[in-house]
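Chains, contacts and geometry: an overview
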Amino acid sequence: MLTLKIPVQNIEATRQIVLNHKIIDFDYKIKVENGFGHIPIKEGTDDETLTKVMEECKEEIIKQNENYTIEIMDLSQDDDLETVKRFPRSITELLKDKLSEEEIEELKKSFDIIGDVVIVEIPEDLEAHKKEIGQATLQFTKRKTVYMKKSAVKGVTRVRELELIAGEDNPITIHKEHGTRLKLDVKNVYFSPRLATERKRVQEATHDGEEILDMFAGIGPFPIVIAHEKNVNITAVDINEYAIKYLNENIKLNKLAPAAHITAICGDTNEVALNELKGKKFDRLIMNLPGLAPEFLDLAVSLCKDGGVIHYYEFSDGFSQGIERAQIACEKQNKKVEILNTRKVKSSSPGMWHVAIDCKVTEKNKKRLKKIIKKII
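What counts and what doesn't
- Residues numbered from 1 in each chain as written.
- Predicted model: local features only at pLDDT ≥ 70, side-chain atom pairs only at ≥ 80, totals over all residues.
- Heavy atoms only, no water.
- Buried < 20%, exposed > 50% of the residue type's maximum accessible area, 1.4 Å probe, protein only.
- Helix = DSSP H or I, 4+ residues; strand = E, 2+ residues; numbered from the N terminus.
- Arc of directions from axis to C-beta.
- Contact = heavy atoms within 4.5 Å.
- Pairing = 2+ DSSP bridges.
- Axes fitted to C-alpha atoms, helices over the stretch in contact; angles between N-to-C directions.
- Salt bridge = Lys/Arg side-chain N within 4 Å of Asp/Glu carboxyl O.

**Some words on helix α1 (residues 11-20)**
Every buried residue belonging to α1 is among Ile11, Thr14, Ile17 and Val18, and all of these are buried. For α1, the angular spread of buried residues about the axis comes to 135°, placing them on one side. If you follow the buried residues of α1, they end up packed against β1 (2-7), β2 (31-33), β3 (36-40) and α2 (47-61). Just downstream of α1, lysine 22 is the residue with a positive phi angle, here 55°.

See the structure below:
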């Protein structure tokens, strides 16, 4: 193994010159020993290039150190130099010797990382290679557990079947997001790390002092992220008892804003509205249940204060359907809606999106009523 031996105080200056000539062997670290450094040189570098580099080093660096020396050394044993540990740049790189190019192309390269758990989606015709894919994912992500999706999200509790394909079988983890910690069991609750930006956006739109209702709160990512920064009073409802269990743990696990408060309620939102929430109105409502949210839009409008905001989510190819639904729901209750914002949060399937529509709801005849009262007075 050829190296350039130079005084240790001139390693960096020499390295820059060698680097410019593109002859450093990046598979090995620079060795420092007895006051000298050894810069590894690429195999196959010709004598003419080496001579040119050495002359340039002497000419430039001798000005800084009159005792500068440079010589070629042949370290006969590779283990004289420490190799550089290289990490794969993608799962594809790890699988190139195990799967064909066609199979790698078919494999969905995206995955969800939730704390120490990774959840992957593998096409049915590649399930025979699930163990190799699992091990590659484990090695690339450096997490502890890899599960494969065995079903879509289903049921009112919004959970999916998972199969362990690598690592330890431990579905309980803590996910970190925007300075908060979210504890959950990936087998028994729904959680998407891909909504982190959306949760931050809603938090930034929120004002201190607001009364907020999260109608489908899950383990509480929206309430926790919001209350971590804002002094608000949040009611968080979910029908999944496991989700409410972890929501209560997450309330204790996180430091909330001084005047923030979160109340967790387990139950169907329709029933909770008739009982625990009877007579209450909210400044802001979060409806992140895109598959079923349209069925609850009338309820949300009825629970919204005059001038309040509803963050409405649904699966759609655009925004017109959701906007029309919001308009109809408001019209039925003699209210009007102003669309504040629309966003495509994430892709749900080819041509379909998880969309967000921010709706400001106001009483339809409020201004007219004020004029009538003013005339009477």
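**Examining the sheet that holds strand β13 (residues 261-266)**
Taken together, seven strands build an open sheet; the order of strands is β13-β12-β11-β14-β15-β17-β16 and the sheet is mixed. Edge strands, defined here as strands with exactly one partner in the open sheet, are β13 and β16 (335-349). Shown here is a sheet whose adjacent strand axes are inclined to one another by a mean of 15°, direction ignored. Those strands touched by helix α7 (residues 221-229) are β11 (211-214), β12 (233-238), β13, β14 (282-287) and β15 (304-316), and its axis lies near 170° from that of β12.

**Overview of the pattern of salt bridges**
Within this structure, the stated rule accounts for 24 salt bridges. Lysine 183 is the salt-bridge partner of glutamate 249, the closest N and O atoms lying 3.1 Å from each other. In this pair, glutamate 249 is assigned in helix α8 (residues 241-253) and lysine 183 in strand β10 (residues 180-185), connecting sequence segments 66 residues apart. In this structure, the salt-bridge partner of arginine 201 is aspartate 358, at a minimum N-O distance of 3.1 Å. Remark: aspartate 358 occurs in strand β17 (residues 352-363) and arginine 201 occurs in helix α6 (residues 196-205); sequence separation between them is 157 residues. Of the two residues, arginine 201 and aspartate 358, both sit in the buried class.

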